[in-house]
Amino acid sequence: MTKSHNNPQKKMRLGAFFNPTGHHVASWRHAESQADAGINIAHYRELAHTAERAKFDMIFLADNVCVRNAHIDALSRSAQYIANFEPITLLSALSGATSHIGLVATATTSYNEPYHVARKFASLDHISGGRAGWNLVTSGQKEEAQNFGRDVHYEHGERYERAREFAYVVTALWDSWDDDAFVRDKASGLFFNPEGLHTLDHKGKFFSVRGPLNVPRPPQGRPVIVQAGGSEDMIAVAAEFAEVIFCAPLTLEAGQKLYRELKETMAKHGRAPDEMKIMPGLSTIIGASESEANEKYEELQSLIHPIVAREILGTILGGIDLSQYPFDGPVPEHLAATATSQYAAKSAIDLAKRENLSIRQLALRVAGARGKAVVRGTPQQIVDMMEEWFVGGAADGFNIMPPYLPGGLNDFVKYIVPELQRRGLFRTEYEGATLRENLGLRRPESRYRKAPENRARAS
């Protein structure tokens, strides 16, 4: 496939997902990775400069608020979110080292308060000149609950009900001030126009928030709201609030199905399809030939410590301790018979049966992929795949997940971006100054401008 996509209004969106050392489970051991990446500000500045030079739409940082529970022999051999910067603090630092690229960070609705999140992201939007984005997530690990005064985690349904109210409060707080509220007139002594201040007075099932926010309305009106995942509950919240979706379909057909579901569900909330950009995760291993790409992949796989692989497989299979079974023996029959209905567990068991894999072989396969699309090949082959998804209604772009950093990002920028640009699929210059402008998203009007009759009385 080499056809060009010549519609100037329709360009692919690209995010750069910076897992500290890279997305492969053994990335920190690779020769082209930065082993102390999680606490190395120079490393992040280099990545940000590279992504901005390539005209990526945004940097994306995931987060959790715990050290995950795993066997110490495996945990001590992993660099995945063990020691790393708090993401909003990091992006605030990177805002001064960049000028156009969007800055998106994760903040959980489970273990934050809406006022905290509204204030931090409004501040980041002002600091960066309108480039902030909030990845709205619910927490999924019980270890996080135990760091915030809870013995047990919120139930699944409660998490998403809480998230919906949380998102409403945050977006309302961002409208606390009219865009022109702050006149700062030294001659008259008037700092702000009283009619431009709006007090929320929210009282809901989970939150009671008076407001107003003590930060002016963000330059973008509100930071871009991002969500990740593909569950029914996530889709319900995303259809109402999200403007960018990071997801993980592994086939074109799965991507098309999720794309249709999300865009159709948006209509129930009176939103147009272009008000949401759907960007599946994509990890690329690039070679001058297929054989070279495969060699690079096998080199990465060889770096996975067997204990780490076994722990990941046990987690995927439902928290099973696999150390009691021969590592080079077959996957036990009773595990296959009792595998949970969860997609990842069932897929792993099916793979073992289909290819007659030992526990070791299955563990290495599962650990290397970590549930994301990994594409190996030449630049042309990889761009063919990206174009097929883009023009085939499965994606508005991709969240690029380099297998190791900085080397994997450098390869993508050197080999993939020029081919995308040659085909007319990706920008050669930024279209605007804010993240919204570059994503082609409108700046939202304040809810008080939309409905003057609902204006809260100024305090």
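Residues numbered from 1 in each chain as written. Predicted model: local features only at pLDDT ≥ 70, side-chain atom pairs only at ≥ 80, totals over all residues. Heavy atoms only, no water.

Honestly, the overall build of the protein in this entry has me stumped. Any pointers?
Scanning the protein for helices and strands turns up 17 helices and eleven strands. Relative to the compact-globule value of 23 Å for 459 residues, the protein shows a C-alpha radius of gyration of 23 Å, a close match. Principal axes of the C-alpha set define a box for the protein whose edges measure 80 × 55 × 40 Å. Looking at the 459 residues of the protein, the share that counts as buried comes to 54%. Within the protein, counting contacts between residues at least 6 apart in sequence, those at least 24 apart form 78% of the total. Roughly 20300 Å² of accessible area belongs to the protein as shown, and the carbon and sulfur atoms make up 50% of that amount. Of the charged side chains in the protein, 53 are positive and 55 negative, and the gap between their average positions amounts to 2 Å. (Helix = DSSP H or I, 4+ residues; strand = E, 2+ residues; numbered from the N terminus. Rg over C-alpha atoms; globule rule 2.2 N^0.38 Å. Buried < 20%, exposed > 50% of the residue type's maximum accessible area, 1.4 Å probe, protein only. Contact = heavy atoms within 4.5 Å. Areas by Shrake-Rupley, 256 points an atom, 1.4 Å probe, with all protein chains shown as cover. Lys, Arg positive; Asp, Glu negative; His and termini not counted. Charge placed at Lys NZ, Arg CZ, Asp CG, Glu CD.)

How should the nonpolar core be read in this particular structure?
Ranked by size, the top nonpolar core spans 83 residues in total, and within it Leu 14, Phe 18, Phe 56, Trp 134, Met 386 and Phe 398 carry the most contacts. No other element matches helix 6 (residues 156-173), which puts eight residues into this core. Once you skip the residues sitting within four places of it in the chain, Phe 398 turns out to touch Met 12, Arg 13, Leu 14, Gly 15, Met 279, Pro 280, Leu 282, Met 385, Met 386 and Trp 389. Val 308, Ala 348, Ala 352 and Leu 357 belong to the second-largest nonpolar core, a separate cluster that totals 23 residues. (Core = buried A, V, L, I, M, F, W, Y, C linked by side-chain atoms within 4.5 Å.)

What's the story with the pattern of salt bridges in this structure? I'm lost.
Side chains carrying opposite charge are able to pair once their charged atoms draw close together. Going through the model one piece at a time under the given rule, you end up with 25 salt bridges. Here Arg 164 ties to Glu 240 by a salt bridge, and the two come within 3.3 Å at their closest N and O atoms. Taken together, the positions of Arg 164 in helix 6 and Glu 240 in helix 7 (residues 232-241) put the pair 76 residues apart, joining distant regions of the chain. Taking relative accessible area as the criterion, Arg 164 reaches 29% and is therefore assigned partly exposed. As a salt-bridge pair, Lys 257 and Glu 261 come within 2.6 Å of each other at their nearest N and O atoms. Highlighted residues: Lys 257 and Glu 261, both in helix 8 (residues 252-267), separated by four residues, approximately one helical turn. Here the salt bridges do not stand alone but share partners, grouping Asp 175, Asp 179, Arg 217, Arg 443 and Arg 447 into one network. (Salt bridge = Lys/Arg side-chain N within 4 Å of Asp/Glu carboxyl O.)

I would appreciate a short explanation of the confidence of the model for the protein in the present structure.
Atomic detail in the predicted coordinates should be set aside for any region of low pLDDT. Scored by pLDDT, the protein comes out at a mean of 90, with 93% of its residues at no less than 70. Low pLDDT, under 50, characterises residues 1-6; the stretch is placed with 15 contacts to residues that sit more than four places away or in other chains. (pLDDT = per-residue confidence, 0-100.)

When you look at the packing of aromatic side chains in this model, what are you seeing that I'm missing?
Any aromatic ring pair is given by two values, namely how distant the centres are and how the planes are angled relative to each other. A complete count under the given rule lists 16 aromatic pairs for this structure. An angle of 65 degrees between the planes, with centres 4.6 Å apart, marks the rings of Phe 60 and Phe 246 as edge-to-face. In this pair, Phe 60 sits in strand 2 (residues 58-61) while Phe 246 sits in strand 8 (residues 244-247), placing the two residues 186 residues apart along the sequence. Each member of the pair, Phe 60 together with Phe 246, is buried. Here the aromatic rings of Trp 134 and Phe 166 are separated by 5.9 Å at their centres, their planes lie at 45 degrees, and the arrangement is tilted. Of this pair, Trp 134 sits in strand 4 (residues 132-137) while Phe 166 sits in helix 6, and the two are 32 residues apart along the sequence. (Phe/Tyr/Trp six-rings, centres within 6.5 Å; stacked < 30°, edge-to-face > 60°.)

Help me out: how do you make sense of the pairing of strand 7 (residues 224-228) in this one?
Within strand 7, four of the five residues are buried, which leaves it mostly tucked inside the rest of the structure. Pairing geometry for strand 4 and strand 7, over three bridges, is parallel. Looking at the pairing, Gly 133 lines up with Val 224 of strand 7. Bridge analysis of strand 7 against strand 8 gives three bridges, and the strand direction is parallel. Paired with Gln 227 across the strands is Ile 245, a residue of strand 8. (Pairing = 2+ DSSP bridges.)

Sorry if this is basic, but what is going on with unusual backbone geometry here?
Glycine aside, negative phi is the norm for most residues, and most peptide bonds take the trans geometry. Here the residue pair Gly 211 and Pro 212 is connected by a cis peptide bond, since its omega of -5 degrees sits within 30 degrees of zero. With respect to the secondary-structure elements, Pro 212 resides in the loop between strand 6 (208-209) and strand 7. The peptide bond linking Leu 405 to Pro 406 adopts the cis configuration, its omega dihedral lying at 10 degrees. The topology assignment puts Pro 406 in the loop between strand 11 (397-400) and helix 15 (407-422). Look at Asn 356: it is not a glycine, yet its phi comes out positive at around 55 degrees. Tracing the backbone through its elements, the reader meets Asn 356 in the loop between helix 12 (343-355) and helix 13 (359-369).

Please clarify how the side chain of Thr 138 should be interpreted in this entry.
Residue position: Thr 138 is located in the loop between strand 4 and helix 5 (142-145). Within the local environment of Thr 138, its side chain forms a polar contact with the side chain of Arg 159, the two groups lying 3.3 Å apart. If near-sequence neighbours (up to four positions away) are discounted, Thr 138 is found in contact with Thr 108, Thr 109, Ser 110, Arg 159, Tyr 160 and Ala 163. (Polar contact = N/O pair within 3.5 Å; in protein donor to acceptor, adjacent residues only side chain to side chain.)

What am I meant to see in the environment of Ala 267 here?
Summarising the element assignment, Ala 267 is placed in helix 8. Given the relative accessible area of 51%, Ala 267 is considered exposed. Remark: the alpha-carbon pair of Ala 267 and Ala 239, spanning 28 residues in sequence, is separated by 8.1 Å.

Got a minute to help me understand helix 6 in this structure?
Because an α-helix packs 3.6 residues into every turn, residues spaced three or four apart end up facing the same way. In a regular helix each residue adds 1.5 Å, so 18 residues correspond to 26 Å; helix 6 covers 26 Å between its end C-alpha atoms and thus fits that length. For helix 6, the complete set of buried residues consists of Arg 159, Tyr 160, Arg 162, Ala 163, Glu 165, Phe 166, Ala 167, Val 169, Val 170, Thr 171, Ala 172 and Leu 173. (Expected span 1.5 Å × (residues − 1).)

Teacher, can you tell me more about the packing of helix 1 (residues 41-53) against helix 3 (residues 87-95) here?
Helices that pack against each other are described as a pair by the angle of their axes relative to one another and the distance between those axes. Two elements in contact, helix 1 and helix 3, have axes whose closest approach is 10 Å; the angle formed by their N-to-C orientations is 60 degrees. Comparing the axis directions of helix 1 and helix 3 gives the class oblique. Helix-helix and strand crossings are classified by hand; for helix 1 and helix 3 the assignment is right-handed. Residue-level contacts link Ile 41, Tyr 44, Arg 45 and Ala 48 of helix 1 to Leu 90, Ala 93 and Leu 94 of helix 3. Of the residues contributing to the contact of helix 1 with helix 3, the split by class is six nonpolar, no polar and one charged. (Axes fitted to C-alpha atoms, helices over the stretch in contact; angles between N-to-C directions. Parallel < 35°, antiparallel > 145°, perpendicular 65-115°, else oblique. Left-handed = near helix turned anticlockwise from the far one by under 90°. Nonpolar A, V, L, I, M, F, W, Y, C, P; charged D, E, K, R; others polar.)

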